[in-house]
Amino acid sequence: MNTWDVIVIGAGQAGSAAAWDLAAGGKRVLVLSRAAGAGKPCAGGVTMKTLNRYRFSIAPLVRETVDALHVSRFPRQESVLKAPNPFCVMTERSELDQYCLAQAQEQGAVFKLVRGIESVRQHQNGVAVTTREGDQFQARFLVAADGANSRVRHLLGERSWQGAMAIEGHIDRADLKDYPGMTLDFQAIKGGYGWLFPKEDHVNVGLYIWKHGLAATDRRALDQYCLDRLGVKPHRVSGFPLGTWLPQARLRQERILFAGDAAGCSEALLGEGIYGAVLSGQLAAQALLSGDLDNYRENLQDWREELIKVKQLSALFYGLLPISVPMLQGRLGTTLVADFSRGYTLGQCKRRWRGAPSLA
Ligand SMILES: Cc1cc2nc3c(=O)[nH]c(=O)nc-3n(C[C@H](O)[C@H](O)[C@H](O)COP(=O)(O)OP(=O)(O)OC[C@H]3O[C@@H](n4cnc5c(N)ncnc54)[C@H](O)[C@@H]3O)c2cc1C
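Let me sum up the structure you'll find in this document. Note that the coordinates shown come from a computational prediction; the quantities given were computed from them, not determined experimentally.

### What about the overall build of the protein?
Looking only at helices and strands, the protein features 11 helices and 18 strands. On C-alpha atoms alone, the protein measures out to a radius of gyration of 20 Å, which is about the 21 Å that the 2.2 N^0.38 rule sets for 360 residues. Expressed along its principal axes, the backbone C-alpha trace of the protein runs to roughly 60 × 45 × 35 Å. For the protein, buried positions account for 56% of its 360 residues. Sequence separation of 24 or more characterises 69% of the internal contacts of the protein that already satisfy a separation of 6 or more. Of the side chains in the protein, 43 bear a positive and 35 a negative charge, and the two mean positions are spaced by 5 Å.

Shown next, in the form of structure tokens:
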């Protein structure tokens with residue numbers, strides 16, 4: 001049986017962030033993942049605050065740098081929020097995952113592609129993992145970073161939650177009359193928005209709803225949005241849930257820490273999940289390196305409190321779109337994108353506006 005200090009399950013943004021820090025901290029780390037970088041549904045928008053958290057530059061992956069956001073209450077009232085500096089970059093998610101995993105491997109993490117996880121068993125001295133191939137691995141601790149449909153949560157009998165939902169597709173640039181800027185079309189779907197994320201040779205299009213069940217995020221709805229918006233149907237369409245249940249979820253079960261969407265670390269308002277994934281992966285690693293697993297919950301407390309408030313804001317924002325979108329299109333929106341370009345989270349922006357000392 002293979003024995004490691006830490007096994008990380010999932011080579012997405014949370015798993016690779018945890019593996020990088022653990023390996024850099026001298027731990028023997030094994031990453032077990034299904035189809036790493038094979039295209040997890042994700043629009044690949046990476047905000048400034050996330051870029052600030054990576055331990056390395058992702059410059060080679062950047063397809064577009066964004067300093068202007070088009071906002072509408074679809075199909076009316078489009079306006080453009082211009083920031084003094086870029087607040088977001090566009091990447092291809094499969095490239096981003098492959099790159100971040102390669103960075104973790106350079107630090108010394110070992111990667112093994114698996115078909116899935118058959119069992120996870122905790123015992124007095126550690127955790128035993130059996131893959132679907134029947135291989136067995138042993139570690140002192142485990143980080144479960146296997147996404148919103150976490151198999152590990154399921155195997156451990158942890159409660160499952162319903163979060164947000166999104167569906168995405170591609171439209172080739174050659175098929176478009178006009179190449180759009182980064183766009184959020186609120187009200188393109190009930191309880192959410194449609195998006196256009198330009199990426200040089202194509203535009204990533206999608207629909208997001210902040211709470212599961214508010215509307216159907218299916219292929220028909222996405223086709224209709226794209227036809228109305230751009231006159232073309234998308235291809236490469238796929239959807240996936242987002243974990244937004246950090247306020248309710250358990251983060252630890254004895255020797256196992258949950259990170260990323262498996263822990264519900266995505267924010268509900270816009271469905272940004274890469275930041276929470278990288279943050280929680282790094283904080284899980286920090287707790288493991290410190291030898292005190294209780295630190296993890298403490299370290300994530302600020303983010304948890306922020307997500308509670310963002311959920312309340314989401315209910316208000318999407319419940320009152322005729323009021324909230326025009327507000328966003330005014331000074332509030334310009335101030336927001338300016339603060340996002342400085343790398344602040346929504347909560348940090350709010351504290352700044354109140355004059356409280358910034359956490360950034
Ligand atoms: C359509 C869509 C668009 C999005 N767009 C954006 C965006 O533009 N910007 C943004 O910030 N967020 C976006 N998000 C949210 C973001 O994609 C997620 O929050 C983020 O990917 C969570 O990262 P993670 O590492 O926790 O999980 P994941 O990215 O889901 O990674 C989980 C990893 O675990 C592996 N895995 C899963 N099950 C198993 C198993 N049984 N055994 C072994 N391995 C397993 C998977 O192969 C994967 O490598 C979007 C989400 C969706 C659905």
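### Description of the state of the cysteines
Per the counting criterion, the structure on display carries 0 disulfides. The thiol of Cys-100 is not disulfide-bonded; the next cysteine sulfur, from Cys-42, is found 11 Å away. No disulfide involves Cys-226; its nearest neighbouring cysteine sulfur is the one of Cys-42, lying 17 Å away.

### Details of the pattern of salt bridges
Counted by the stated rule, this structure contains 15 salt bridges. Across the salt bridge formed by Arg-342 and Asp-339, the nearest N and O atoms sit 2.6 Å from each other. Look at the salt bridges and you will find they share partners, linking Arg-63, Glu-95 and Asp-201 into a network.

### Details of the site of the ligand
Arg-34, Lys-40, Gly-45, Arg-93 and Asp-261 are the nearest of the 34 residues found near the ligand. Taking Arg-93, its side chain carries an N or O atom lying 2.7 Å from an oxygen atom of the ligand. The fraction of the free accessible surface of the ligand (1000 Å²) that becomes covered by protein chains is 94%. For the shell around the ligand, the secondary-structure elements that each account for two or more residues are α1 (13–24), β12 (164–172), β14 (192–198), β16 (235–242) and α6 (274–290).

### Regarding the packing of helix α8 (residues 301–319) against helix α11 (residues 346–353)
Direction vectors running N to C along α8 and α11 enclose 85°, while the axes themselves pass 9 Å from each other. Viewed along their axes, α8 and α11 adopt a mutual orientation that is roughly perpendicular. Counting all contacts with α8, which are made through Glu-306, Lys-309, Val-310 and Leu-313, the residues of α11 involved are Leu-346, Gly-347, Gln-348, Lys-350 and Arg-351.

### Section: a positive patch on the surface
On the surface, a cluster of positive charge is contributed by Arg-34, Arg-115, Arg-132 and Arg-151. By secondary structure assignment, the location of Arg-34 is in the loop between β2 (29–33) and β3 (45–47). Given the relative accessible area of 58%, Arg-34 is considered exposed.

### Digging into the environment of Ile-9
Secondary-structure assignment places Ile-9 in strand β1 (residues 2–9). With relative accessibility at 3%, the residue Ile-9 sits in the buried group. Separated by 35 residues in the primary sequence, Ile-9 and Gly-44 place their C-alpha atoms 21 Å from one another. In this structure, Ile-9 is in contact with Leu-32, Ile-117, Val-129, Leu-142, Val-143, Ala-144, Ala-145, Asp-146 and Val-152, ignoring residues within four places of it in sequence.

### Notes on helix α5 (residues 219–230)
Here α5 is 12 residues long and its end C-alpha atoms lie 16 Å apart, about the 16 Å a rise of 1.5 Å per residue gives. In the segment just after α5, Gly-231 is the residue with positive phi, at about 75°.

### What about the nonpolar core?
The nonpolar side chains of a soluble globular protein tend to be buried, and buried together. Residues Ile-7, Tyr-54, Leu-142, Tyr-296 and Leu-300 are the most contacted members of the largest nonpolar core, which totals 66 residues. Of the residues forming this core, the biggest block, 10 residues, is contributed by α6. Not counting chain neighbours up to four residues away, the residues in contact with Tyr-54 comprise Gln-13, Val-46, Leu-96, Cys-100, Ile-274, Val-278 and Gln-282. Core analysis: the next-biggest nonpolar cluster, separate from the first, contains 32 residues, Leu-81, Met-182, Leu-269 and Leu-336 among them.

### A closer look at α11
When we look at burial in α11, the residues that qualify are Gly-347, Gln-348 and Cys-349. In this structure, the buried side of α11 is in contact with α8 and α10 (331–341). Where α11 ends, the next residue or the one after it, Gly-355, has phi of about 85°, a positive value.

### Considerations on the sheet that holds β3
Taken in spatial order, the 3 strands line up as β3-β7-β4 in an open sheet, and their pairing is antiparallel. The open sheet terminates on both sides in strands that have one partner only, identified here as β3 and β4 (64–66). Taking each pair of neighbouring strands and ignoring which way they run, the sheet shows an average axis angle of 25°. Note that β4 and strand β7 (residues 88–90) share 3 bridges and pair antiparallel. Bridge assignment links Thr-65 to a residue of β7, and that residue is Val-89.

About the thresholds
- Along every chain, residues carry numbers that run from 1 in the direction the sequence is written.
- Thresholds applied to this predicted model are a pLDDT of at least 70 for local features of residues and 80 or more for the giving and counting of side-chain atom pairs; totals over whole chains, interfaces and linings are not thresholded and use all residues.
- Only heavy atoms go into the side-chain values, all of them from the structure, while hydrogens and water stay out.
- Only DSSP runs of H or I with at least four residues qualify as helices, and only runs of E with at least two residues qualify as strands; both kinds are numbered from the N terminus onward.
- C-alpha atoms define the radius of gyration, and 2.2 Å times the number of residues to the power 0.38 defines the globule rule.
- Whether a residue is buried, partly exposed or exposed follows from its accessible area with a 1.4 Å probe, protein chains only, as a fraction of its type maximum: under 20%, in between, or over 50%, in that order.
- Contacts: residue pairs with any heavy atoms within 4.5 Å of one another.
- For the purpose of charge, His is not counted, nor are the chain termini; Lys and Arg are scored as positive and Asp and Glu as negative.
- The atoms used to mark charge sites are NZ of Lys, CZ of Arg, CG of Asp and CD of Glu.
- In this description, a disulfide is simply a cysteine sulfur pair whose atoms lie within 2.5 Å.
- Every case where a carboxyl oxygen of Asp or Glu lies within 4 Å of a side-chain nitrogen of Lys or Arg is listed as a salt bridge.
- We define proximity as follows: a residue is near a molecule or strand when any one of its heavy atoms falls within 4 Å of that partner.
- In the analysis that follows, any N or O atom pair within 3.5 Å is treated as a polar contact, provided that within protein one partner can donate a hydrogen and the other can accept it, and provided that, for residues neighboring in sequence, both atoms belong to side chains.
- The Shrake-Rupley method, run with a 1.4 Å probe, gives the accessible areas here. Residue values count only the displayed protein chains as cover.
- Lines are fitted to the C-alpha atoms to define the axes, a helix being fitted only along its stretch in contact, and any angle between axes, read from their N-to-C directions, falls within 0 to 180 degrees.
- For classification, angles of less than 35 degrees are called roughly parallel, those exceeding 145 degrees roughly antiparallel, those between 65 and 115 degrees roughly perpendicular, and all remaining angles oblique.
- Patch membership requires more than 30% relative accessible area and the absence of a salt bridge. Residues of like charge join within 9 Å; the nonpolar side chains Val, Leu, Ile, Met, Phe, Trp and Tyr join within 5 Å.
- The span expected for a helix works out to 1.5 Å for each residue beyond the first.
- Only buried residues count toward a nonpolar core, which is a set of Ala, Val, Leu, Ile, Met, Phe, Trp, Tyr and Cys residues joined through side-chain atoms within 4.5 Å.
- Strands pair, by our definition, only if DSSP identifies at least two bridges between them.

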